[in-house]
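# Examination of the molecular architecture
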Amino acid sequence: MASPLLSVRDLTTVIRTEGIEFEVVRGVSFDMYPNEILGLVGESGCGKTMTALSVMGLIPSPAARIAGGEVRFGDRDLVSLPEREMREVRGDDISMIFQDPLTSLDPMFSIGHLLTEVIRRHRSVSRPEAEAMALQALAEVELPDPETRMSQYPHQLSGGMRQRVMIAMALMLDPDILIADEPTTALDVTVQAQILDRLLGQQRRRGMSMLLITHDLGVVAAVADRVAVMYSGEIVEQAPVGQLFSDPQHPYTQGLLRAVPQTRHQRGALHTIPGRVPPPQFVPPGCPFSPRCSQALVRCWEEHPELVPDDGRHLRCFNPRPLTPA
Amino acid sequence: MRYLASRTVYMLVILAISSVAVFYAIRLSGGDATAARLPASATEADRETLREVLGLNDPIYQQYFTYMGRLLSGDLGNSLTNNALISKMVVEHGRNSIILGAAAFLLVFLVGVPLGMLASVRRNTLADQGIMSLSVAGMAVPNFWLALLSIWLFASVLRWLPSAGCCEPRQLILPAIVLAAEGTALTVRMTRSAMLENLDSDWVRTLRAGGLSESRVIGKHVFRNALIPIISLAGLRIGQIVGYALIVEVIFGWPGLGQVLVNAVLRRDYPVAQFFSLVLVVMVVLGNWLADLGYLAANPRLRKT
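Residues numbered from 1 in each chain as written. Chains lettered and ligands numbered in written order. Predicted model: local features only at pLDDT ≥ 70, side-chain atom pairs only at ≥ 80, totals over all residues. Heavy atoms only, no water.

### Some details on the overall build of chain A
Applied cut-off: Each helix is a run of H or I in the DSSP string that is no shorter than four residues. Each strand is a run of E no shorter than two, and both are numbered from the N terminus. We take the radius of gyration over the C-alpha atoms and set the globule estimate at 2.2 Å times the residue count to the 0.38 power. Each residue's exposure class comes from its accessible area (1.4 Å probe, protein chains only) as a fraction of the maximum for that residue type: buried when under 20%, exposed when over 50%, partly exposed otherwise. Note on definitions: a residue-residue contact is assigned when non-hydrogen atoms from the two residues lie within 4.5 Å. The accessible surface values rely on the Shrake-Rupley method and a 1.4 Å probe; as for residues, cover is taken only from the protein chains in view. Asp and Glu are treated as the negative residues and Lys and Arg as the positive ones, with His and the ends of the chain left uncounted. Here the site of a charge means NZ on Lys, CZ on Arg, CG on Asp, or CD on Glu.
Broken down by element type, chain A carries eleven helices and twelve strands. Its C-alpha atoms give chain A a radius of gyration of 21 Å, within 12% of the compact-globule value 20 Å for 326 residues. Principal-axis analysis of the C-alpha atoms places the extent of chain A at approximately 65 × 50 × 45 Å. The buried share among the 326 residues of chain A stands at 53%. Taking the intrachain contacts of chain A between residues at least 6 apart in sequence as the baseline, contacts between residues at least 24 apart amount to 65%. Here chain A displays about 14,500 Å² of accessible surface, and carbon together with sulfur accounts for 51% of that area. In chain A, the 31 positive side-chain charges and the 40 negative ones have mean positions that sit 3 Å from each other.

The structure is reproduced here in structure tokens:
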């Protein structure tokens, strides 16, 4: 395989509340390759968004800080990069789209103003040139009537249209890497498919690398090349998408897959994983999933498992068992 | 457009109601108007004649319509005490009041907004706490006391500034600061909280993700959003300044509308008290209307839909 575009190693991010620091991202490592979609899945509160914000250098300061690890991008480490240089990377080399398009655009400025401001931040072009670039970016995400939209304000656009604007903004400077944090979660089901389609089309056309954060396993199965499953701030299993879905090894991955409703095969109650993700201040010693795991051993309660590579897969479990049909 | 129309109608209704209220309140305040005009030795018959001439014996509603009729045709009448033309008094004292009021208004926003921004950017630091403590003091100290205190300190003890008078720039400094104190304190607090509220919004993250600098994000985008509540409450600040001008002008001997009004009320000079009260009401109402216009102009969500 080619060398990775972005290499995250042992990334650890802590949040401070009332003087005590808690790890919300704990030693996360993954690689992103050109022209590839890496899916990052897990329940709410497992650290997916914090991982993405850490890569972008956008974690809320001073409440949170990166306590260790590195994010290697080309020959630079983004974690130790001065803020001034990091700003050059953001929006240009690596861009991000967020979950809620309704609140993600400044309500006081027109769409055209917001887009051209970011363009002119990174490229020394005239205002008309920047406007032409913005217009083209809006047309590429198939926003209807882009000329009119340029002079409109966010409140005049629907949620789906605003998310297209967000995508246009993220893609207009041709980034190497796009981080999409639950890009369709806040949208209507019918619009979700359209937005995802636009996003994928652009990713393929540009040969871009994409980190797709979602809790929707259906989306991941359909579009991702590789999948990393996060639990309690750590990656517990990582594998190519086919392998992960056909032969999940980690009990948490298995639980997630069983929890997907399958209308054709099953009747009766939906499978759930008992309990919930532990809050960062109450992560149990040993394997953090052990309290919810049906196959936990005594060792799982006492010893913290490492992420072990095995035949293209990375797994963090002492007692993996093949998935038995439910 | 509908917003603008409704605000304008609202303003006219307030003006009509307050003109009645001012008119009645002055008549109900008691006292004898003829005392302003006639010597103490005047007989009851003389006083009665004067009341008849001035129309003071007519029913109040009739007096109101007569008065409003004259007012609208441009006849403001004369003072009862010295027979001066009220129209002349308004121009002369109005100018002084506008100078003082405008100076205070500028202070409120040119000092209040930057201090509030500074406090929000330096949230929970010594600078923030210092600014916030000052603003609590600014709100808590009654302005008549602040006026006396500042005269004592800057005029009597330090001898830096004159204690009273009009109308040199040096004489404007103390009354303008005292008049602006409370509004500035409130504006600091409001600016700070509006800035902090907007700093937490999702779109701030989007702008940062686009690579914009902190100074751009805060100085342009967050500030632009924080400006909305600041503008919408500018009307209240105007009302405050007009109201406090009565006290401050008297203490500092600043010959403005407020000082004339206070003297007129004390001497039962009905025509003057009445008209000057109305002028203050008009200023407050007009100020609020202008603030509404500013709010409309600043908020794209109200502009087009």
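### Section: the domain arrangement of chain B
All names here are of chain B. To keep things clear, this is the line we draw: Where each domain starts and ends comes from a domain assignment, either automatic or drawn from a database. Summed over both partners, the accessible area (1.4 Å probe) lost when two parts come together is defined as the buried area. One speaks of a salt bridge when a side-chain nitrogen belonging to Lys or Arg is within 4 Å of a carboxyl oxygen belonging to Asp or Glu. Polar contacts, as used here, are pairs of N or O atoms within 3.5 Å; protein pairs need one atom able to donate a hydrogen and one able to accept it. Residues neighboring in sequence count only if both atoms are side-chain atoms. When residues are sorted by character, Ala, Val, Leu, Ile, Met, Phe, Trp, Tyr, Cys and Pro go into the nonpolar class, Asp, Glu, Lys and Arg into the charged class, and all the rest, Gly among them, into the polar class.
Partitioning chain B into structural domains gives domain 1 (2–72) and domain 2 (92–303). Taking only C-alpha atoms, the centre of domain 1 and the centre of domain 2 are 32 Å apart. At the boundary of domain 1 with domain 2, total buried surface from both sides reaches about 1,900 Å², with 73% on carbon and sulfur atoms. Among the residues of domain 1 in contact with domain 2, Tyr-3, Met-11 and Ile-26 are the three that bury the most area, contributing 29% of the side total. Connecting domain 1 to domain 2 are one salt bridge. For the interface between domain 1 and domain 2, the tally reads two residue pairs in polar contact (both at pLDDT 80 or more). Secondary-structure elements contributing two or more residues to the side of domain 1 that touches domain 2 are helix H1 (2–28) and helix H4 (60–72). The residue inventory of the side of domain 1 that touches domain 2, partitioned by class, reads 13 nonpolar, six polar and three charged.

### What about the environment of B:Ala164?
Residues and elements named next belong to chain B. Inspection of the secondary structure assignment puts Ala-164 in the loop between helix H7 (143–157) and helix H8 (169–199). Sequence spacing of Ala-164 and Ile-251 is 87 residues, and the spatial spacing of their C-alpha atoms is 7.8 Å. Look past the residues within four positions of Ala-164 in its chain and what remains in contact with it is Gln-171, Phe-252 and Gly-253.

### Quick notes on the sheet that holds strand E2 (residues 20–32) of chain A
All names here are of chain A. This is how it is decided: Each pair of strands is called paired provided DSSP finds at least two bridges between the two strands.
Taking strand neighbours across the sheet as the criterion, the four strands line up as E2-E1-E4-E5 in an open arrangement whose pairing is antiparallel. Looking at which strands have only one partner, the edges of the open sheet turn out to be E2 and strand E5 (76–77). Note: strand E1 (residues 6–17) against strand E4 (residues 64–73), eight bridges, orientation antiparallel. When the sheet's bridge partners are listed, Ser-7 is paired in E4 with Arg-72.

### Focus: helix H5 (residues 86–121) of chain B
Residue pairs spaced three or four apart in an α-helix point in one direction, given the helix's 3.6 residues per turn. The condition is simple: For a helix, the expected span equals 1.5 Å multiplied by the number of residues minus one. A residue's bend is given by the angle between axes fitted to the 7 residues ending at it and the 7 residues starting at it.
Its 36 residues place the ends of H5(B) 50 Å apart at the C-alpha level, agreeing with the 52 Å of an ideal helix rising 1.5 Å per residue. The largest bend in H5(B) comes to about 25°, at B:Gly94.

### Considerations on the pairing of strand E3 (residues 37–41) of chain A
A regular strand places its side chains on the two faces of the sheet in alternate fashion. Residue and element names in this part refer to chain A. A large share of E3 lies buried, amounting to five of its five residues. Along E3, one buried face is formed by Ile-37, Gly-39 and Val-41 and the opposite face, lined by Leu-38 and Leu-40, is buried too. With five bridges joining them, E3 and strand E8 (residues 209–214) adopt parallel strand pairing. The residue bridging Ile-37 from the neighbouring strand is Met-210, located in E8. Judged from the four bridges that link them, E3 and strand E9 (residues 226–231) form a sheet pairing that is parallel. Following the sheet pairing, Gly-39 is matched in E9 by Val-227.

### Description of the pattern of salt bridges
Tallying each qualifying case throughout the model produces 28 salt bridges over all chains. For A:Glu303, the salt bridge identified is with A:Arg299, shortest N-O distance 3.3 Å. By relative accessible area, which is 38% here, A:Glu303 ends up partly exposed. Between B:Arg192 and B:Asp128 there is a salt bridge, with the nearest N and O atoms lying 2.8 Å from each other. Of this pair, B:Arg192 sits in helix H8 while B:Asp128 sits in helix H6 (residues 126–140), placing them 64 residues apart in sequence. Take B:Arg192 and B:Asp128: they sit in the same class, and that class is buried.

### A closer look at the interface of chain B and chain A
With 25 residues of chain B in contact, the opposing surface of chain A contributes 27 residues. Carbon and sulfur atoms make up 62% of the surface buried where chain B meets chain A, a total of about 2,300 Å² over both sides. It is B:Arg205, B:Thr206 and B:Ala209 that lose the most area in chain B upon contact with chain A, and together they represent 24% of the buried surface on that side. For A:Glu117, the salt bridge is made with B:Arg216, and the minimal N-O distance between the two is 3.1 Å. Across the chain B-chain A interface, the total number found is twelve residue pairs in polar contact (both at pLDDT 80 or more). Secondary structure elements with two or more residues in the side of chain B that touches chain A: helix H9 (202–209), helix H10 (214–232) and helix H14 (300–303) of chain B. Considering only residue class, the side of chain B that touches chain A consists of seven nonpolar, eight polar and ten charged.

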